[in-house]
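Working through the structure, step by step
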Amino acid sequence: MASPGHSDLGEVAPEIKASERGTALAIADLEWREMEGDDCESPYGDGTNEAQDNDFPTVERSRLQEMLSLLGLETYQMQKLTLQDSLQISFDSMKNWAPQVPKDLPWNFLRKLQALNAEARNTTMVLDAPPDARPGEEGQMEEEVLYWDTADNIAADIYSFSELPTPDTPVNPLDLLCALLVSSDSFLQQDIILKMFLCQFALPLVLPDSENHYHMFLLWALRGLVRTWWLQPLRGPGSFKEDSVVLPRMPTFAFVRMDVSSNSKSQLLNAVLSPGRRLRDCFWHRDLNLGASPREIADGLVEISWFFPSGREDLDVFPEPVAFINLRGDIGSHWLQFKLLTDISSAVFILTDNISKKEYKLLFSMKESNTKYYFILSPYRGKRNTNLRFLNKLIPVLKIDYSHVLVKVSSTDSESFVRRLQSIVRCVMRSPCRRVSVEDMAHAARKLGLRVDEDCEECQKAKERMEKITRKIRDPEAYKREELRLQGEPWRKVAQVEKELCQLHWAGDSPEKCRSELRGRLLELRAQQNSLDPTWGVQEFVRGISSPSPGEKQYFLRWMELGLARLAQQRLRPPPETLLSLRSKHCGAVDATEPLWPDPLGVEHFLREMGQFYEAESCLVEAGKLPVGQRRFAHFPGLALELLLRGLPLELVDGGSLSVPLRWVTGLLKELHTRLERRSRLVVLSVLGVPGTGKSTLLNTMFGLRFATGKSSSPRGAFMQLVEVAEGFSQDLGCDHILVIDSGGWIGGALTTTGERFELEASLATLIMGLSNVTVVSLAETRDVPLALLHAFLRLETTGHAPSYQFVYQNLHGTSAPNPQLRDGRQCPEPLSDGGLAVACGETRGDGVRTLADVAFGDPEKQHVWHIPGLWHGVPPMAAVSLGYSEAIFELKRCLLENIRNGLSNQNKNIQQLIELVRRL
């Protein structure tokens, strides 16, 4: 997983032992004492840094405990909060309530972050909310809003009560983030940081831990972040690149504060990262809500953000990717973090108003550093003569000149000052400078004695197993053919025979001889599959997901996803728009469901291989060709189900052959029924529609799921995930779990109403919609309903399994305004196209022709049509998710849950009924 090229940090340090880490910390402490003298304070005694002595002050040691208790997170210190805990559907999921007490803040943050809401970091609490604005405790709420009683003091000064009360304990957003990360397991940490990344928030890189006296470098938490960018200037297809943010080596610039500074680092960083006047609040700063409130546990936090170019000269502040790092707090109190930043940065910008003897000694100790240093001073603060005297001494020590000393005169010159800073950064980037990756940063952190979250034993064992598998994958397409042998052509042949058998079954009057021949051919194909053994790679994968350690199993699965995604990223390809335009020019009409490049090798291919072994064996057992006692793969559905329960999407419709592995799917559902026992009531929610209309993103934003997104990387099959309903809410909602189905990108490719492609799409759409209680139909602005969906609508009307429909029109191209309003949800769609009418007219009933308007919109009171604003506010890759998109998706989710609770989504199913429906449909 190492990135190519030479690191500027020298030899990579192996993981150091605890004793060596203590030695490194002791050396850092000794260096500080030598600078200040024996009577100085340790830099680690501010409650946010490493303290190596047992006499660490009790008051400092309890600061984290007090914050966790305030936020209601103390119960998660030992048993960490999990991703599944945070995704449960509860009463809160249907209310847009404001936090009123500190214990509401973590859950409000997680809920808003799951919805990619740009206001997730706001920790303002509202004490004057009406009783129904917050779930439960209505009686208590009414008592709390009685702020004073004139009967107690008839002379009370009413003017002193003219403002509503504010919380006694405001919580700095950075304290909330640190407390929540400390209370979360590794996989929830990854999810939190992924969502923050999509919202363009600055991310934690080093997490301070005052309680255990060790900071944590968050390498694992950043592992899943991927960004697509364009190199400047555009040079054709080769300018498009997609990669993990932790692997590429790039220039890195650190901004730190020494003693006091009248200038805000975070505001300055935001300005440097923003093109023109389009200021983005990437780093939380003093002028935002509660940004100036005291930090209790977040001092010493190191944050990171990146700039990635879009290929547009008017927007690209920098011509290549670049990282920016922000240290919260004074470098004198966080000497270890400062040393790390000097070891990894291309340049360090030091903001200060004072340079006295103490600061001179501190910086003098960096005389051997190869990092470039810049000072940002304010002329209105501090002692100017003293500053100049010590600056003159520091210039030869730090090997700088007066061009490295910047004076920010006033707020009126902010724009020109920011342009000057940007120019300095570009100049450093053009010169020979240190370039590091996040992995390199982690190695430097180990050398200094910091812990790295990825170094735990379970994570490293899982990584080793993943690397053993991926090391043998030279060519993913060849690997599929040679190692995943039951897929591809063998599975397509089986699927074709099963399809013919199904057609004969529905025909009813077909000759028995023909059926017998097809059954014989099917058994022959299945016997050929069953005669093979799983290859070494598949066996190793099965061993990985069979680990007795739940943590190691989950780490292995995530490592496999990351490792296989890395293989796909290494295969350079032009952006989708380029290929579409080329294909349009040379090949005529574009079939949107045809892959623009081969389907990338993913975890689903290994699970699909397991499914085919199970299918072949089950088929022979059913036909009496194999004794039950000789089964080798009967445990495979149980292994796959465990992954589903831990949040992995499982395949319902095979993306390779666009067919349903019936025995495998029913085996999974039977295992699910056994595992859930009494909590097996299900609501099935599916999303269908035209490829590229944001179906997967909609589901991920609505429920916090992990469906693959993007035409270039997402698999083509239909996948399902399970969302748990909290026990306290399941009786009210009427179900225990919601099974969510994402249809993938295979519907919408049929351009005519005849032919095998159309039949296949219509059949699969009928299956998914028939299983569903609620179907969300995602459409582009063209408002053309896919022909296969129209056909499925009309088919299902005769079966009695038609779901409740929600139609979503998404703005796929326009840039969203900051606060767009959701349009009237009861607008009817525009008239059907000629093709749609032709399909609708093809299905006749005794009472005449039925069209989509009859099926889905016959009752004007039950029309559900949603207009969703565009996903991005700005131009990717530096665009954030628009607030309008997030709020519209929340309203759609609330409406869906209300319909389920009110019984408007058809009768809920148990798993046994779902198994029967799969077989029938």
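Thresholds applied
Position labels on residues start from 1 in each chain and follow its written sequence. Two thresholds apply to this predicted model, a pLDDT of at least 70 for residue-level local features and 80 or more for giving and counting side-chain atom pairs, whereas whole-chain, interface and lining totals are computed over all residues. Values shown for side chains rest on all heavy atoms present in the structure; no hydrogens or waters enter the calculation. Helix axes use the C-alpha atoms of the stretch in contact, all axes being lines fitted to C-alpha atoms, and the angles between their N-to-C directions lie in the range 0 to 180 degrees. By the criteria applied, helices consist of DSSP H or I runs no shorter than four residues and strands consist of E runs no shorter than two, each listed in order from the N terminus. To sort the angles, those under 35 degrees are grouped as roughly parallel, those over 145 as roughly antiparallel, those from 65 to 115 as roughly perpendicular, and the leftovers as oblique. Rotating anticlockwise by less than a right angle from the far helix to the near helix defines a left-handed crossing, while the corresponding clockwise rotation defines a right-handed one. What makes two residues a contact is simply this: any of their non-hydrogen atoms within 4.5 Å. Only Asp, Glu, Lys and Arg are considered charged, only Ala, Val, Leu, Ile, Met, Phe, Trp, Tyr, Cys and Pro nonpolar, and every remaining residue, Gly among them, polar. The set of buried Ala, Val, Leu, Ile, Met, Phe, Trp, Tyr and Cys residues whose side-chain atoms join them within 4.5 Å is what this entry labels a nonpolar core. Summary of the burial criterion: residues with accessible area below 20% of their type's maximum are buried, those above 50% are exposed, and those between are partly exposed, where the area comes from a 1.4 Å probe applied to protein chains only. Whenever two N or O atoms come within 3.5 Å, that pair is a polar contact, provided that in protein one can donate a hydrogen and the other can accept it, and provided that, for residues adjacent in sequence, both atoms are side-chain atoms.

1. Things to note about the packing of helix α16 (residues 457-470) against helix α21 (residues 550-569)
Relative orientation of the contacting elements α16 and α21 amounts to 40 degrees, with a least axis distance of 8 Å. Classified by the interaxial angle, the pair formed by α16 and α21 is oblique. Here α16 and α21 pass one another in a crossing that is right-handed. From α16, Glu458, Cys459, Lys461, Ala462, Lys463, Arg465, Met466, Ile469 and Thr470 reach across to α21, where they touch Gly551, Glu552, Tyr555, Phe556, Trp559, Met560, Gly563 and Leu564. Classifying every residue of the contact of α16 with α21 gives nine nonpolar, three polar and five charged.

2. Quick notes on the nonpolar core
One finds Phe217 and Phe375 to be the most contacted residues of the largest nonpolar core, which totals 157 residues. Among residues more than four places away in sequence, those in contact with phenylalanine 217 are Leu205, Val206, Leu340, Val438, Met441, Ala442, Ala445, Arg451, Val452 and Asp453. By size, the runner-up hydrophobic cluster in this structure holds 79 residues, among which are Leu668, Leu676, Leu764 and Tyr805.

3. Some thoughts on the environment of tryptophan 866
Locating tryptophan 866 in the fold gives a position in strand β21 (residues 865-868). As for tryptophan 866 and phenylalanine 807, which are separated by 59 residues in sequence, their C-alpha atoms are 6.0 Å apart. One polar contact links tryptophan 866 to glutamine 806, side chain to side chain, over a distance of 2.7 Å.

4. Things to note about unusual backbone geometry
A cis amide bond links proline 876 with the next residue in sequence, proline 877, at an omega value of 10 degrees. Considering the arrangement of structural elements, one finds proline 877 in the loop between β22 (872-873) and β23 (880-881). Despite not being glycine, glutamine 200 has its phi angle at roughly 65 degrees, a positive value. With respect to the helices, strands and loops of the structure, glutamine 200 is situated in the loop between α8 (186-198) and β1 (203-207). A relative accessible area of 7% places glutamine 200 in the buried class. Although it is not a glycine, aspartate 259 adopts a positive phi angle of roughly 60 degrees. Take aspartate 259: it is sitting in the loop between β5 (250-257) and α10 (265-273).

Honestly, it's all geometry; don't read function into it.
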